[in-house]
Amino acid sequence: MKSLYPNRDFREGWRVAAEFSCEARNLNLLIDAEFPYNQPRVALDDKAAFLTWPHVEEDGVLCLGADRKHRDCVGQTQRALSAAHKLVSKSIAGETRADFQDEFLSYWGRHPGTKGVRFISLVTPEGPSRKIAVWRGVQAFIFAENEGDLRKWLLNRFTSWKTPPSIEGAALLWLPEPLFPEEYPKTAAQIWNLAKAPKGEGRGILRDLTGKSQNEVPILIGAQTKHGPCLAGVTVSSPRKTLPGKRGSTIENGFRKGHVPASIIAERYWSASSPIVRSEVSRADASWVHGRGRDVNQERLSGSTVILIGCGSLGAPVAIQLAMAGVGNLITIDPEKLTYANVGRHPLGASHVDQYKSEALAAELKQNYPHHQFAFRNEKWQDVSMREPKLFGGASLIVCATGDWDTEDALNTWHLGCGRTPQIVYGWTEEHASAGHAVLISSGDDSSCLACGLDDEGFPILRLTSWPSDMLQQEPGCGALYQPYGPVELAHTTSLVSELALDALLATESHSAHRIWASRSSFLESAGGKWTPDWLALCSERKQGGFFFQRAWARNPQCASCGPSPTHLCSATL
């Protein structure tokens, strides 16, 4: 086995004679030590040259569908041989040839000549052919639509850079259809031939790139498959000193050095047999990172601006989830620094102790999601609002995760003075994170406000849990109070707030709403709490807990903030 399949761990094998429509062939049935949990493999005994047929690997082993019926060893083997026979029959008839195009990336990357530096693409994978920008690193070439986008991405991703990156021109050649293996280019002249399709616009781009230079040229090649767009990479080597068929002459033949017309350089460059190096391309554009190019919500989310007030144990993970979901512009606001007491339930960790939470969080997000924008303010939101009044008004959504009534009351007053625009999501927990709340205050003059569901001291009128005493714990210092809970208990509330924020951004939740997380009753009781009568009246049949619940956040006609006689409604800016 090792001599036939040196890169495999097959333990046993059998040669099976198989009859096809026009010929007889042998199939090798192969199993490894993990059989039947690893399904049997089938290989062509007289394997054709690699990339002659799709779904045939370099050593002749066939790529067949998964079979998870591990307990049926005989049936599993029969199905593998049957699938192999069907695949080979279709390949002989030429019925699988289109798979080379439909699964282009699998075959381009496996071609023996694909050994170049890795390409990373930020470009939008669609036509037409066009000039793009590239940064050439030692380990990777990174491409973007233009110099500005590429520079911004690089400085976000590599924050320690002291000097601006050097950006050069590159090309995207968009083809009418993906290439078959025999069409994969090998020389500069073959790239030039590809550039003629569909209307020759690619040739003008290549002329511009090489008209005044004889350096190597990195190029992205793209096309649409039935499974979505695909990208491949090539680097065209600098042309040889000697022109094809003209021994002793150079690319500057007939001209003084440095005085060759750009059109002549381009013509000689692209008519040369200069070899190319093929590269695999990793997509890193926002559409691919957030949804593999299939999420219909990404265009809206990437164009959204969210201001997050409060970067503590709830606000920080909410910010991370919104960034992961694809929110394109996130501004974090918090005046406090991270302490060791925060580390156990804060995603930043000990390496950021004594740093401002908002600044450190924005820096982490900027590196992790360099295709989007992150900013911070290390101060109270009121100070930011007074200095930058247009910042809040231009947001798509505000998320307040401070859990502090003084902050929330001031924000609610500002919101009413602005006509409840933009919409705001508030989030908080009850003791031990045994219950979580997320409230959306939607835009519009007829909506409720945050205070509609709270009493005069900022406590929710609907509480889920009650406790024998005040559950706030105090450190050995004046006013150093905290809630005893960890990140696992808090995770449900984090998701609750993040989901409501996304629903508000995507307009799937357009009315003021109150979403609730109720923990398992066993967890609540072990912490010393119990359900309140008000909550049991709403959900008595589900008193075991462990579920989400939604209700309207209704307007309260007697609300002191937005009722008929508000007591402390102030101006739009504080």
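This text goes with the structure placed above it.
The following paragraphs examine the structure supplied in this document. Small disclaimer: the values here were computed from a predicted structure and weren't measured. (Residues numbered from 1 in each chain as written. Predicted model: local features only at pLDDT ≥ 70, side-chain atom pairs only at ≥ 80, totals over all residues. Heavy atoms only, no water.)

1. Overview of the overall build of the chain
In terms of helices and strands, the chain carries 18 helices and 23 strands. What you see for the chain is a C-alpha radius of gyration of 32 Å, clearly larger than the 25 Å of a compact globule of 574 residues, by over 25%. With respect to the three principal axes, the spread of C-alpha positions in the chain is 90 × 75 × 45 Å. By residue count, 48% of the 574 residues in the chain fall in the buried class. Nonlocal contacts in the chain, meaning residues at least 24 apart in sequence, comprise 64% of its contacts between residues at least 6 apart. Here the chain displays about 28100 Å² of accessible surface, and carbon together with sulfur accounts for 50% of that area. Taking the average location of the 60 positive side-chain charges in the chain and that of its 62 negative ones, the two points are 10 Å from each other. (Helix = DSSP H or I, 4+ residues; strand = E, 2+ residues; numbered from the N terminus. Rg over C-alpha atoms; globule rule 2.2 N^0.38 Å. Buried < 20%, exposed > 50% of the residue type's maximum accessible area, 1.4 Å probe, protein only. Contact = heavy atoms within 4.5 Å. Areas by Shrake-Rupley, 256 points an atom, 1.4 Å probe, with all protein chains shown as cover. Lys, Arg positive; Asp, Glu negative; His and termini not counted. Charge placed at Lys NZ, Arg CZ, Asp CG, Glu CD.)

2. Some details on the nonpolar core
Core analysis: the biggest nonpolar cluster contains 40 residues, and Val 306, Leu 365, Leu 397 and Val 399 have the highest contact counts within it. At the level of elements, strand 12 (305-309), helix 10 (315-325), helix 12 (357-368), strand 15 (397-400), strand 17 (435-441) and helix 16 (487-505) are the ones that each hand at least two residues to this core. In terms of residue count, the dominant contributor to this core is helix 16 (8 residues). The residues contacting Val 306, other than those within four sequence positions of it, are Leu 322, Val 327, Asn 329, Leu 330, Ile 331, Leu 397, Val 399 and Leu 505. Core analysis: the next-biggest nonpolar cluster, separate from the first, contains 30 residues, Leu 51, Trp 192, Leu 194 and Val 236 among them. (Core = buried A, V, L, I, M, F, W, Y, C linked by side-chain atoms within 4.5 Å.)

3. What to know about the environment of Ser 287
Structurally, Ser 287 can be placed in helix 8 (residues 286-289). Among residues more than four places away in sequence, those in contact with Ser 287 are Arg 292 and Gly 293.

4. A closer look at the sheet that holds strand 10 (residues 276-279)
Taking strand neighbours across the sheet as the criterion, the 8 strands line up as 10-9-8-7-5-6-4-11 in an open arrangement whose pairing is mixed. The outermost strands of the open sheet, each flanked by one partner alone, are strand 10 and strand 11 (281-283). Mean inter-strand twist for the sheet, computed between neighbouring axes without regard to direction, equals 30°. Across 4 bridges, the pairing between strand 9 (residues 228-236) and strand 10 is antiparallel. Bridged to Thr 235 within strand 10 is Val 277. (Pairing = 2+ DSSP bridges. Axes fitted to C-alpha atoms, helices over the stretch in contact; angles between N-to-C directions.)

5. Quick notes on the environment of Gly 528
Looking at the element boundaries, Gly 528 is found in the loop between helix 17 (521-526) and strand 22 (530-531). Sequence separation of Gly 528 and Trp 467 is 61 residues, and the distance between their C-alpha atoms is 6.6 Å. For Gly 528, the contacting residues outside a window of four places in its chain are Trp 467 and Pro 468.

6. Overview of the pairing of strand 12
Along strand 12, 5 of the 5 residues are buried, which leaves the element largely enclosed by surrounding structure. In strand 12, alternate side chains face the same way, and those of Thr 305, Ile 307 and Ile 309 on one face and Val 306 and Leu 308 on the other are all buried. By the bridge criterion, 5 bridges tie strand 12 to strand 13 (residues 329-333) in an arrangement that is parallel. Looking at strand 13, one finds that Ile 307 is bridged to Ile 331. Crossover strand 12 to strand 13 through helix 10 is right-handed. Pairing analysis gives 4 bridges linking strand 12 to strand 15, with the strands arranged parallel. In the sheet register, Ile 309 faces strand 15, and the bridge partner there is Cys 400. (Right-handed = clockwise from strand over helix to strand, strands pointing away.)

7. Points about the sheet that holds strand 1 (residues 10-19)
Taken in spatial order, the 3 strands of this open sheet run 1-2-3, and their pairing is antiparallel. In the strand order of this sheet, the two ends are held by strand 1 and strand 3 (41-44), each with one partner. This sheet shows a mean twist of 30° between the axes of neighbouring strands, independent of strand direction. Pairing geometry for strand 1 and strand 2 (residues 24-32), over 9 bridges, is antiparallel.

8. Side note on helix 12
A rise of 1.5 Å per residue sets the reference length of helix 12, with its 12 residues, at 16 Å; its end C-alpha atoms lie 16 Å apart and thus fit the reference within 8%. Buried residues along helix 12 sit in contact with helix 10, strand 13, helix 11 (340-343) and strand 14 (373-377). (Expected span 1.5 Å × (residues − 1).)

9. A few points about the pairing of strand 5 (residues 130-136)
Across the 7 residues of strand 5, 5 count as buried, placing the element largely inside the fold. Where strand 5 and strand 7 (residues 168-174) come together, 5 bridges link them in antiparallel fashion. By the bridge assignment, Val 134 is partnered in strand 7 with Glu 168. Here 4 bridges tie strand 5 to strand 6 (residues 140-144), and the two strands are oriented antiparallel to one another. Bridge pairing in strand 6 places Val 134 opposite Phe 143. Following strand 5, the chain reverses through 3 residues before pairing antiparallel with strand 6.

10. Considerations on the packing of aromatic side chains
Any aromatic ring pair is given by two values, namely how distant the centres are and how the planes are angled relative to each other. Counted under the stated rule, the structure contains 19 aromatic pairs. When the centroid spacing of 5.0 Å and the interplanar angle of 65° are considered together, the rings of Trp 108 and Tyr 184 count as edge-to-face. With Trp 108 in helix 3 (residues 104-110) and Tyr 184 in the loop between strand 7 and helix 5 (188-194), this pair connects stretches of sequence that are 76 residues apart. We classify Trp 108 as buried; its relative accessible area is 2%. Grouped by ring-pair contacts, the aromatic residues Trp 135, Trp 153, Phe 158 and Trp 161 constitute a single cluster. Here the basic side chain of Arg 97 rests over the ring of Phe 180, its NZ or CZ set 3.7 Å away from the ring centre. The positively charged end of Arg 542 is found above the aromatic ring belonging to Phe 547, 3.7 Å away from the centroid. (Phe/Tyr/Trp six-rings, centres within 6.5 Å; stacked < 30°, edge-to-face > 60°. Lys NZ or Arg CZ within 6 Å of the ring centre and 35° of its normal.)

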